[in-house]
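The lines below spell out each chain.
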Number of protein chains: 2
Amino acid sequence: MEITKQQLKIEENYNKLDFTSIPQLKVIEMELLDAISDSRGTIREMCNHILKAGGKRIRPLLVVFSGLIFEQNLQKLIPTAVSSELIHMASLVHDDIVDVSIMRRNKPSINSVWGNNFAVLGGDYLFAKAFGILASQGLLKSMGFMVEAIESMCHGEIIQAEDKFNCECSIEKYYEKISCKTAIFLKCCCQAGASAVGASEKEVELIGEYGLNLGLAFQITDDILDLCGSSEIMGKPKSEDLKQGIISMPVIYLLKNRAHQSFIKSVIENKVFDEETILKVCSLLTKTGIMEKCYDTVKTHLEKAKRNLDALPESYHKEFLYRLADMVYTRIN
Amino acid sequence: MEITKQQLKIEENYNKLDFTSIPQLKVIEMELLDAISDSRGTIREMCNHILKAGGKRIRPLLVVFSGLIFEQNLQKLIPTAVSSELIHMASLVHDDIVDVSIMRRNKPSINSVWGNNFAVLGGDYLFAKAFGILASQGLLKSMGFMVEAIESMCHGEIIQAEDKFNCECSIEKYYEKISCKTAIFLKCCCQAGASAVGASEKEVELIGEYGLNLGLAFQITDDILDLCGSSEIMGKPKSEDLKQGIISMPVIYLLKNRAHQSFIKSVIENKVFDEETILKVCSLLTKTGIMEKCYDTVKTHLEKAKRNLDALPESYHKEFLYRLADMVYTRIN
């Protein structure tokens, strides 16, 4: 009975993509607390603030489940999982400086509470902590994957910043941006998990492709929801990205639509982001079939993601990753 | 003849604490260029800007010479040396955001050219690159030391920021700040170099104490020169730190001097930093013997530093580190 209740809870949280009730993730949560327990003063306050703000914990989830497919050894996966979330937290803290965001996960962002100066240092501390954990456990391969993830994120954020309000942004550039910003990190988490328990090179490659496609689907979904979702779901104001000049997939397609390109171009170039205009943009995206096309793209990536799992050993954890892909789709359906 | 000329050049550069003409450091310089060669776009531009701005390269110097005392194997030391400078560069880029500095090494700072947003990402990229190099070479011990250095620097910068314009700042707090900000990094460089070539635990500890005391002497000297040195030597405006509210050793002693404490307190609290006032502060520091006391403290740390070398194997490289300690002193004498 208790188990069923717990399963129901997990089921319900799946739909919100909140994985904190999964037993393995509860372990990670404790370890995250432990990781920052030796910090002091303001750094400690900042770390606690970030940790308590919660989050989906999708990166440690991917590390752990990608590893458990190949070996039932959670202990081996914990340091990499914890590091992946610390690096994610660090990048969020720094991204909020870059994007001048005042809210994060429905709470004030670190920069809005402590100022940009402290936020820079808080992020640096979390990066260092993550590498400290990996170094102390001798996890060189995980470290390589995490370095790749950070380097990609830096490039992705810069591409994003440089391409703000650029109505000529191509779909290729968009893919480069979301790969660097999001998908490569998820790929690296899957690869780090699998390689930490000794999966073969081919297996690491396959699980990596799963992570990459899941990440692309995830980011495109996020971009759709940001543009036309409700602010309660996202925990941030509607169309926040567009208001900041970030051109996402649906907007790129609308910019290529002959009938409406001059309208959307003038919206972006003149920064007309009142509620009425945003509603009109969303209605156009539906009417023109662009939203449908974006949903289909998400679906295609999720199918690609799942196909990469096919050749991997059968297990509960593989099934979970299949389900996870479906869950991403249910967010927009 | 050529050698003598080169030696003269090194000699001359010693006095400026510029070590780039030392053959081993030339190798490091090439390797630094190589390290950033796979970066792209704006990140590449920022990396090139930082690299070309130059610097003393004292951290790679300490890594290399601390290692060469124990084993003549430069190759083994290069990755750690390169990483130490990349981490130093990253921390400078982030510090300039924290301190709102517009100049660095007589050139515009990264934040002043590319803005805070890109500077955050440029620094993150350099941190990641540094750990990538260490991970690819399996240098776990070096990684541990570099993590310690970064965590300390974050704490040090936060202590500094929190204690700005605080006339109650104690000498203990000042030591905590400069240890965290500067000296622990130099300690870690020495330790990482020695441990990379297999020095014993005791030897690593001794060379670490050398680095720590050299670092303390170095920072106190820097603080003296910032307060009363000429702007040509430092490449930044005179008394820049005081103007920013950073209370250093000489100022702390002046704040404790009964005859002058009310004057200096009112200077700091009312932020009266015109040229005349600064000149008066400097003249008071000399008249009261405070500058002399600070010089003596520098001397004490340098003697402590040298004493730690005594038990280490005799070598040209150990002699060099002795000389290096003397060179720090000649900056203020």
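For clarity, every value in this text was computed on a predicted model and none was experimentally measured.

## Description of the overall build of chain A
Here comes step 1: A count of helices and strands for chain A gives 16 helices and 2 strands.
Here comes step 2: Relative to the 2.2 N^0.38 estimate, which gives 20 Å for 333 residues, the radius of gyration of chain A is 20 Å and therefore close to what a compact globule would have.
Here comes step 3: By its C-alpha atoms, chain A is 55 × 50 × 40 Å across when sized along the principal axes.
Here comes step 4: Expressed as a percentage of contacts within chain A between residues at least 6 apart in sequence, the contacts between residues at least 24 apart total 73%.

## Digging into the relation of the copies chain B and chain A
Here comes step 1: Each copy superposes on the other: chain B lies on chain A with an RMSD of 0.0 Å after a rotation of 180° and an axial shift of 0.0 Å. What the rotation and shift describe, once combined, is the action of a two-fold rotation axis. Residue Val120(B), judged by its C-alpha, is the member of chain B lying nearest the rotation axis, at 3.5 Å.
Here comes step 2: In this assembly the copies share their binding face: 100% of the residues contributing to the interface of chain B also contribute to that of chain A.

## Overview of helix α6 (residues 110-136) of chain A
All names here are of chain A.
Here comes step 1: For α6, spanning 27 residues, the distance from its first C-alpha to its last is only 28 Å, which falls clearly below the expected 39 Å at 1.5 Å a residue.
Here comes step 2: Of all the bends in α6, the largest measures some 100° and sits at Asn116.
Here comes step 3: Counted residue by residue, α6 has 23 buried out of 27 residues, so it is predominantly covered.
Here comes step 4: Following α6 by one or two positions, Gly138 adopts a phi angle in the positive range, close to 65°.

## Let's talk about unusual backbone geometry
Backbone phi values are negative for most residues with the exception of glycine, while trans is the configuration of most peptide bonds.
Here comes step 1: Of note, Val100(A) is a non-glycine position whose phi angle comes to about 50°, a positive value.
Here comes step 2: Looking at the secondary structure, you find Val100(A) in the loop between α5 (74-98) and β1 (103-104).
Here comes step 3: We classify Val100(A) as partly exposed; it has 13 C-beta atoms within 10 Å.
Here comes step 4: At Arg105(B), a residue that is not glycine, the phi angle is positive and equals roughly 50°.
Here comes step 5: Within the secondary structure, Arg105(B) is located in the loop between β1 (103-104) and β2 (107-108).

## Examining the interface of chain B and chain A
Size of an interface: often given as the accessible area lost when the parts come together.
Here comes step 1: Each side of the interface is counted separately: chain B has 33 residues, and chain A has 33 residues.
Here comes step 2: Contributing elements (two or more residues each) for the side of chain B that touches chain A: α3 (41-52), α5 (74-98), α6 (110-136) and α7 (140-162) of chain B.
Here comes step 3: For the side of chain B that touches chain A, the per-class residue count stands at 18 nonpolar, 10 polar and 5 charged.

## Re the nonpolar core
Here comes step 1: Within the largest apolar cluster, 216 residues are counted, with the highest numbers of intra-cluster contacts made by Phe131(A), Met146(A), Phe131(B) and Met146(B).
Here comes step 2: Setting aside chain neighbours within four positions, we find Phe131(A) in contact with Met143(A), Phe131(B), Met143(B) and Val147(B).

## Things to note about the packing of helix α7 (residues 140-162) of chain A against α6(B)
Here comes step 1: It is the contact of α7(A) with α6(B), at a shortest axis distance of 9 Å, that shows an interaxial angle of 160°. Judged by the angle between their axes, α7(A) and α6(B) are roughly antiparallel. The crossing of α7(A) and α6(B) is left-handed. Listed contacts from α6(B) to Leu140(A), Met143(A), Gly144(A), Val147(A), Ile150(A), Glu151(A), Cys154(A), Glu157(A), Ile158(A) and Ala161(A) of α7(A) are Asn117(B), Phe118(B), Leu121(B), Asp124(B), Tyr125(B), Ala128(B), Phe131(B), Gly132(B), Ala135(B) and Ser136(B).
Here comes step 2: Looking at the contact of α7(A) with α6(B), its residues break down into 13 nonpolar, 4 polar and 3 charged.

## Here's the deal with helix α13 (residues 261-269) of chain A
All names here are of chain A.
Here comes step 1: By the burial criterion, the buried members of α13 are Ile264, Val267 and Ile268. Looking straight down α13, one finds its buried side chains confined to an arc of 95°; they lie on one side. The outward face of α13, more than 90 degrees from its buried face, is lined by the exposed residues Ser262, Ser266 and Glu269.
Here comes step 2: Against the buried residues of α13 lie α12 (249-255) and α14 (275-287).
Here comes step 3: Two residues or fewer past α13, Lys271 is found with a positive phi of approximately 50°.

## Some remarks on the environment of Ile36(A)
Residues and elements named next belong to chain A.
Here comes step 1: Relative to the elements of secondary structure, Ile36 occurs in the loop between α2 (23-35) and α3 (41-52).
Here comes step 2: Ile36 sits 227 residues away from Phe263 along the chain, and the two C-alpha atoms are 49 Å apart.
Here comes step 3: Ignoring any residue separated from it by four or fewer positions in sequence, one finds Ile36 in contact with Arg44, Cys47, Leu51 and Lys129.

## Side note on the confidence of the model for chain A
Here comes step 1: With 92% of its residues at a pLDDT of 70 or more, chain A shows a mean pLDDT of 91.
Here comes step 2: Scored by ipTM, the complex comes to 0.91, with pTM at 0.92.

## Considerations on the environment of Ser84(B)
All names here are of chain B.
Here comes step 1: On the secondary structure map, Ser84 appears in helix α5.
Here comes step 2: Separated by 21 residues in the primary sequence, Ser84 and Val63 have C-alpha atoms spaced 8.0 Å apart.
Here comes step 3: The residues contacting Ser84, other than those within four sequence positions of it, are Arg59, Pro60, Val63, Met146 and Cys189.

The rules behind the values
- Residues numbered from 1 in each chain as written.
- Chains lettered and ligands numbered in written order.
- Predicted model: local features only at pLDDT ≥ 70, side-chain atom pairs only at ≥ 80, totals over all residues.
- Helix = DSSP H or I, 4+ residues; strand = E, 2+ residues; numbered from the N terminus.
- Rg over C-alpha atoms; globule rule 2.2 N^0.38 Å.
- Contact = placed C-beta atoms within 7 Å.
- Least-squares fit on C-alpha atoms with pLDDT ≥ 70 in both.
- Expected span 1.5 Å × (residues − 1).
- Bend = angle between axes of the 7 residues up to and from the residue.
- Buried ≥ 20, exposed ≤ 12 C-beta atoms within 10 Å, placed from the backbone.
- Nonpolar A, V, L, I, M, F, W, Y, C, P; charged D, E, K, R; others polar.
- Core = buried A, V, L, I, M, F, W, Y, C linked by C-beta atoms within 7 Å.
- Axes fitted to C-alpha atoms, helices over the stretch in contact; angles between N-to-C directions.
- Parallel < 35°, antiparallel > 145°, perpendicular 65-115°, else oblique.
- Left-handed = near helix turned anticlockwise from the far one by under 90°.
- Arc of directions from axis to C-beta.
- pLDDT = per-residue confidence, 0-100.

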